[in-house]
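Listed here are the chains, written in short residue letters.
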Protein chains: 2
Amino acid sequence: MNPYTGRIDRFRASMAERGWHAALLTPSGDMEYVTGIRRRRPSATENHMHGDWLGGVLVTSDEAIAVAPHLARRHFEEQLRDTPWVDGMIPIDEGEALDPFARTLFADRVPSGGILALPRKAMVQTAVELARLCDFEFRCTSEILGPMRAVKDAGEIRAMEAAAAVADHAFSEVVPALRPGMTELDIKFLVERALYAAGAEGTSFVTGIMIRGEGCDGPLEGVSCKEGHRLEPGRVLAFDFGAVVDGYASDFGRTVFIGEPDAELLRIHALIVQAQAEGMRALVPGTSTREVDAHARRVIEDAGYGEAFFHRLGHGIGIDVHEAPFLAPGSDGTVKENMCFTVEPSVLIPDRCFIRTEDVVRVTPEGGVSLNHTPTDPIII
Amino acid sequence: MNPYTGRIDRFRASMAERGWHAALLTPSGDMEYVTGIRRRRPSATENHMHGDWLGGVLVTSDEAIAVAPHLARRHFEEQLRDTPWVDGMIPIDEGEALDPFARTLFADRVPSGGILALPRKAMVQTAVELARLCDFEFRCTSEILGPMRAVKDAGEIRAMEAAAAVADHAFSEVVPALRPGMTELDIKFLVERALYAAGAEGTSFVTGIMIRGEGCDGPLEGVSCKEGHRLEPGRVLAFDFGAVVDGYASDFGRTVFIGEPDAELLRIHALIVQAQAEGMRALVPGTSTREVDAHARRVIEDAGYGEAFFHRLGHGIGIDVHEAPFLAPGSDGTVKENMCFTVEPSVLIPDRCFIRTEDVVRVTPEGGVSLNHTPTDPIII
């Protein structure tokens, strides 16, 4: 029982309702969700392939066909071995003239002036070139696939549990390996090696290792990955990392105190844990996403740290680390059973601490249930 | 003497010639090149920020203003301290209604029905939403910035040399550390740790560690980063990695033989080195990029390995690892002085070997000069 045939059918039905003629699922979570064809890992700086703006899987009412730039051809061929619901592959040769290729590709598939949908992070070049060549209008596939992807089926929840377990296991290996003097970069390598050893296919986002304390300021995530601050007594170390397992992402956070923390740090940690618990309790089907955020945020605000909790409470998570809907002020989603969210309150005080705990949480009729099993007690080394 | 004021002026002049009203430089090499504002490292799976499709630097004829989604605000604030040629920042609050925000943002800046340029890898959602809200047409900034970025100035060449030196240095540290039994994943971590130790701000693309030999087949780059093949006598290990230093990328490759290679492997290695030398010799201003590819390719074809050299000879490189123009069959670029290219011929024989040598090469009137200084002799351990 593959889930893809059913997903393609539902996607086609929704496209037909909207009057969309086709979707070009460029490499993305949307392509993975609908077709089972995995994307390759992204390049840290931009890469280029001849015809990359045409690469992906073109889904029409009666066909799903891969379009493979020469440099992606082996990848698509390998993926297509296990995806018989995709009808075939059209290669783009190195140096092939792309204007006639594109015109021919769409000639019998999408009428001139028709509507083509693209994943929201598809290259804008795709729209620029196809507006010029075929006079298409464009929509974002997330309009249909965002809500479809938000509610996870049983197979997806198993993969999410596996991804969470890899994060838990890696963390359990990393904490005993921490040593005074280690830098943020040392710990990043320790975490990533532990994730792969535990079964990760890759990281799901940029591993965040944040040591804070007196004189340890700086951005939480920037352009550079220098050695960073060192583990020293009195400092506070926050982890934020995740793995991809069976195509699904985890996102995990805990805070470690180096030496006995003072009373305020412990109080903030307890607040964070309490806010997380309140957020999880609020994750009941039918609740609005902004209420969930507000419910957890109130705990931190009431204690006087509202300004220090500078980001949203959490985000949907699945094939991508950030998926709709979002647990955020001003958000307009509604919580449904078997949605998965991060719940990740934090307090950031410059030159003092960044304290956060983060789990991936599945929505059940009784509220949120964590897929992670690492305790949330303060960790002191 | 900052280079950005001049670049912004030239970019504006070219936009005016084309009748473009503005460019929204979303986080990209184009944003870095024109404004000096650095993008953050990309997430391995997709991330999301409220209003991310509006984030970047909006450049009009008389203004350059950063537009910062809430979760990118600290990053932009930090970057803007050193970029006084950017006129200011407009923040997008968490939960802010984006349709009225976008309409107001563009109201006095770009007329309805006007032309807005975007980097070719900008999110297609930006074009979809702004077509709906403002009736804009879209172009790709690469039309102007591709040729501007291709020819490097003296400061850029210094950064390219520094990035190449970091790759050379890391390689010199890695080779003596190779041990029998190490996996591809072990070596990947070894390489990346060495890159950071040598001064990298980050990797420039997905580090490629490819062990080949009898029974060692598989894709050269896929979705997963498993342990991979092991270093064992008789096998061949190809490296493909690079660093970002001062905002510029390197891209480096060498091949290491585990134990004495047979005569054919040595012959292939010599061919590769000869093809690379021919490619470098052909990198004379005025030559067409396809001729450079053909010139090097002929060496490998004449020896009967043409089919095994499955990719283009090289690509432009600078702020991004892949930049126009490309040394490829069917390409239509022209080589100019102070362009930088990779020259990276290879031979892939399934179950036997992947042999490649790769340098970053600067174009001079006398031909290509390598920015790397690692010898190209076969390395046998």
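Rules of the game
- As a convention, each chain's residues are numbered from 1 in the sequence order in which they are written.
- Labels follow written order: the first chain is A, the first ligand is 1, and so on.
- This being a predicted model, a pLDDT of at least 70 is required before a residue's local features are given, and a value of 80 or more before pairs of side-chain atoms are given or counted; all residues contribute to the totals for chains, interfaces and linings.
- In computing side-chain properties, one takes all heavy atoms of the structure into account and sets aside hydrogens as well as water.
- One requirement defines pairing of two strands: DSSP has to find at least two bridges between them.
- Each helix is a run of H or I in the DSSP string that is no shorter than four residues. Each strand is a run of E no shorter than two, and both are numbered from the N terminus.
- Every axis in this analysis is a line fitted to C-alpha atoms, fitted for helices over the stretch in contact. Angles between the N-to-C directions lie between 0 and 180 degrees.
- In these notes the angle categories are as follows: under 35 degrees is roughly parallel, over 145 is roughly antiparallel, 65 to 115 is roughly perpendicular, and the rest is oblique.
- Definitions for this section: a left-handed crossing has its near helix turned counterclockwise from the far helix by less than a right angle. A right-handed crossing has that turn clockwise.
- Contact criterion: two residues are considered in contact whenever any of their non-hydrogen atoms come within 4.5 Å of each other.
- For this classification, the nonpolar set comprises Ala, Val, Leu, Ile, Met, Phe, Trp, Tyr, Cys and Pro, the charged set comprises Asp, Glu, Lys and Arg, and every other residue, Gly included, is treated as polar.
- Buried area, as used here, totals the accessible surface that two parts lose on assembly, with accessibility defined by a 1.4 Å probe and the loss added over both.
- We count a salt bridge whenever a side-chain nitrogen from Lys or Arg sits within 4 Å of a carboxyl oxygen from Asp or Glu.
- In superposing the copies, a least-squares fit is computed on C-alpha atoms, taking residues whose pLDDT is at least 70 in both.
- Stacked, tilted and edge-to-face pairs are distinguished by plane angle, under 30 degrees for stacked and over 60 for edge-to-face with tilted covering the rest, among Phe, Tyr and Trp rings (Trp via its six-membered ring) whose centres lie within 6.5 Å.
- Residue exposure (1.4 Å probe, protein chains only): buried if accessible area is under 20% of the type maximum, exposed if over 50%, otherwise partly exposed.
- Here, a charge over a ring is recorded when the distance from Lys NZ or Arg CZ to the ring centre is within 6 Å and its angle to the ring normal is within 35 degrees.

### Concerning the sheet that holds strand S8 (residues 208–212) of chain A
No. 1: Pairing in this open sheet of four strands is mixed, and the strands run S8-S9-S12-S20 (chain A) from one edge to the other. At either margin of the open sheet sits one strand with a lone partner, and together these are S8 and strand S20 (379–380) of chain A.

### Points about the packing of helix H1 (residues 4–18) of chain A against helix H6 (residues 142–150) of chain A
Residue and element names in this part refer to chain A.
No. 1: Relative to each other, H1 and H6 sit at 140°, their axes nearing to 10 Å. One element, H1, and the other, H6, form an angle in the oblique class. Here H1 and H6 pass one another in a crossing that is right-handed. Contacts from Arg7, Arg10, Phe11, Ser14, Met15 and Arg18 of H1 reach H6 at Glu143, Ile144, Leu145 and Met148.
No. 2: Partitioned by chemical class, the residues of the contact of H1 with H6 number five nonpolar, one polar and four charged.

### A few points about the interface of chain B and chain A
No. 1: At the interface, 73 residues of chain B touch 73 residues of chain A.
No. 2: Between chain B and chain A, the buried area comes to about 6500 Å², and carbon and sulfur atoms account for 54% of it.
No. 3: Among the residues of chain B in contact with chain A, Arg41(B), Glu46(B) and Arg120(B) are the three that bury the most area, contributing 13% of the side total.
No. 4: Counting every contact that joins chain B to chain A gives six salt bridges.
No. 5: Between Asp52(B) and Arg120(A) there is a salt bridge; the shortest N-O distance is 2.7 Å.

### Brief notes about the relation of the copies chain B and chain A
Both copies of the chain are tied together by a single rotation about an axis and a shift running along it.
No. 1: Superposition record for chain B on chain A: RMSD 0.0 Å, screw rotation 180°, translation along axis 0.0 Å. Here the two chains are linked by the operation of a two-fold rotation axis. Ranked by how close their C-alpha atoms come to the rotation axis, the residues of chain B are headed by Val124(B), at 2.1 Å.
No. 2: A symmetric contact is evident, with 100% of the interface residues of chain B recurring at the interface of chain A.

### What to know about the packing of aromatic side chains
No. 1: Evaluated as defined, the whole model comprises 15 aromatic pairs over all chains.
No. 2: Taken together, a centroid distance of 6.2 Å and an interplanar angle of 70° make the contact between Phe189(A) and Phe189(B) edge-to-face. Here Phe189(B) lies in helix H8 (residues 184–197) and Phe189(A) lies in helix H8 (residues 184–197), a pairing that spans two chains.
No. 3: Phe189(A) gets classed as buried once you look at its relative accessible area, which sits at 8%.
No. 4: Ring centres of Tyr196(A) and Phe189(B) lie 5.8 Å apart, and the angle between their planes is 75°; this geometry places the pair in the edge-to-face category. In this pair, Tyr196(A) sits in helix H8 while Phe189(B) sits in helix H8, so the two residues belong to two different chains.
No. 5: Connected via pairs of aromatic rings, a cluster forms that spans Phe171(A), Phe239(A), Phe241(A) and Phe252(A).
No. 6: Across from the ring centre of Tyr33(B), 4.0 Å away, lies the NZ or CZ of Arg7(B), which sits over that ring.
No. 7: The ring of Phe189(B) carries the charged tip of Lys188(B) above its face, separated from the ring centre by 5.7 Å.

### Some thoughts on the pattern of salt bridges
Residue and element names in this part refer to chain B.
No. 1: Overall, the coordinates contain 58 salt bridges over all chains when judged by the stated rule.
No. 2: In this structure, glutamate 156 and arginine 7 form a salt bridge, with 3.8 Å as the shortest nitrogen-oxygen distance. Placement of the pair is glutamate 156 in helix H7 (residues 154–174) and arginine 7 in helix H1 (residues 4–18), with a sequence separation of 149 residues.
No. 3: Residue classification places glutamate 156 among the buried positions, given a relative accessible area of 3%.

So far we have only geometry, and geometry alone does not tell us how the molecule works.
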